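Examining the three-dimensional arrangement
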Amino acid sequence: LDGRRRVLGDEHKQTLHSMNNMGILLGIMKDHEGSLGYFKQAFRVGEKVLGKTHPSTLSTINNMAMAYQRLKDFPKAERMFRQALDGREKS
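Residues numbered from 1 in each chain as written. Predicted model: local features only at pLDDT ≥ 70, side-chain atom pairs only at ≥ 80, totals over all residues. Heavy atoms only, no water.

What follows concerns the overall build of the protein. Per the secondary structure count, the protein includes five helices and zero strands. The order of helices and strands in the protein, counted from the N terminus, is α-α-α-α-α. A compact globule built from 91 residues should have a C-alpha radius of gyration of about 12 Å, and the protein, at 13 Å, falls within 12% of that. Along the three orthogonal principal directions, the C-alpha set of the protein runs to about 40 × 35 × 15 Å. Across the 91 residues that make up the protein, the buried fraction comes to 32%. A separation threshold of at least 6 residues defines the contact pool for the protein, and within that pool the share at least 24 residues apart is 41%. Carbon and sulfur atoms form 52% of the exposed surface of the protein, whose accessible area is close to 5,700 Å². Each charge sign in the protein was given a centre, from 16 positive and 10 negative side chains, and these centres are 2 Å apart. (Helix = DSSP H or I, 4+ residues; strand = E, 2+ residues; numbered from the N terminus. Rg over C-alpha atoms; globule rule 2.2 N^0.38 Å. Buried < 20%, exposed > 50% of the residue type's maximum accessible area, 1.4 Å probe, protein only. Contact = heavy atoms within 4.5 Å. Areas by Shrake-Rupley, 256 points an atom, 1.4 Å probe, with all protein chains shown as cover. Lys, Arg positive; Asp, Glu negative; His and termini not counted. Charge placed at Lys NZ, Arg CZ, Asp CG, Glu CD.)

Shown next, in the form of structure tokens:
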């Protein structure tokens, strides 16, 4: 991820993909707070660069929802799952 940031920049699609991958890895390792941090970062940049309804942005929203679910923050998880679903229905 650091290499992609350095070479491609934070707003490159491959960097966003790596941010998501780091979030997934940390989730597998049970570091759900760390996982959520990477997903939030990828979401902020992805929404700006790719748009709210881009499939990658929607996948990131879904990943954030899963992290909230694992953290037992069910209201936020539900809101994020609904946001991802709404975005997919509109695109």
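Right, let's get into the pattern of salt bridges. What the rule picks out here adds up to two salt bridges. For aspartate 73, the salt bridge is made with lysine 76, and the minimal N-O distance between the two is 3.9 Å. Residue aspartate 73 is classed as partly exposed on the basis of its relative accessible area of 23%. The salt bridge involving arginine 82 is made with glutamate 78; its shortest N-O contact spans 2.8 Å. Residue arginine 82 and its partner glutamate 78 are located together in helix H5 (residues 74–90), separated by four residues, close to a single helical turn. Overall, the relative accessible area of 40% leaves glutamate 78 in the partly exposed class. (Salt bridge = Lys/Arg side-chain N within 4 Å of Asp/Glu carboxyl O.)

Bringing a nonpolar patch on the surface into the picture now. A contiguous nonpolar patch, built from Ile24, Leu25, Ile28 and Met29 and spanning about 400 Å² of accessible area, is present on the exposed surface. Turning to its location among the elements, leucine 25 is positioned in helix H2 (residues 13–28). (Patch = residues over 30% accessible without salt bridge, like charges linked within 9 Å, V, L, I, M, F, W, Y side chains within 5 Å.)

Put simply, helix H3 (residues 32–49) and helix H4 (residues 55–70) touch, their axes get as near as 9 Å, and they point 155 degrees apart. Overall, the two elements H3 and H4 adopt an arrangement that is roughly antiparallel. The element H3 and its partner H4 pack so that their crossing is left-handed. Note on element contacts: H4 touches H3 through Thr57, Thr60, Ile61, Asn63, Met64, Ala67, Tyr68 and Arg70, opposite His32, Ser35, Leu36, Phe39, Lys40, Ala42, Phe43, Gly46 and Glu47. When grouped by side-chain class, the residues that make up the contact of H3 with H4 number eight nonpolar, six polar and three charged. (Axes fitted to C-alpha atoms, helices over the stretch in contact; angles between N-to-C directions. Parallel < 35°, antiparallel > 145°, perpendicular 65-115°, else oblique. Left-handed = near helix turned anticlockwise from the far one by under 90°. Nonpolar A, V, L, I, M, F, W, Y, C, P; charged D, E, K, R; others polar.)

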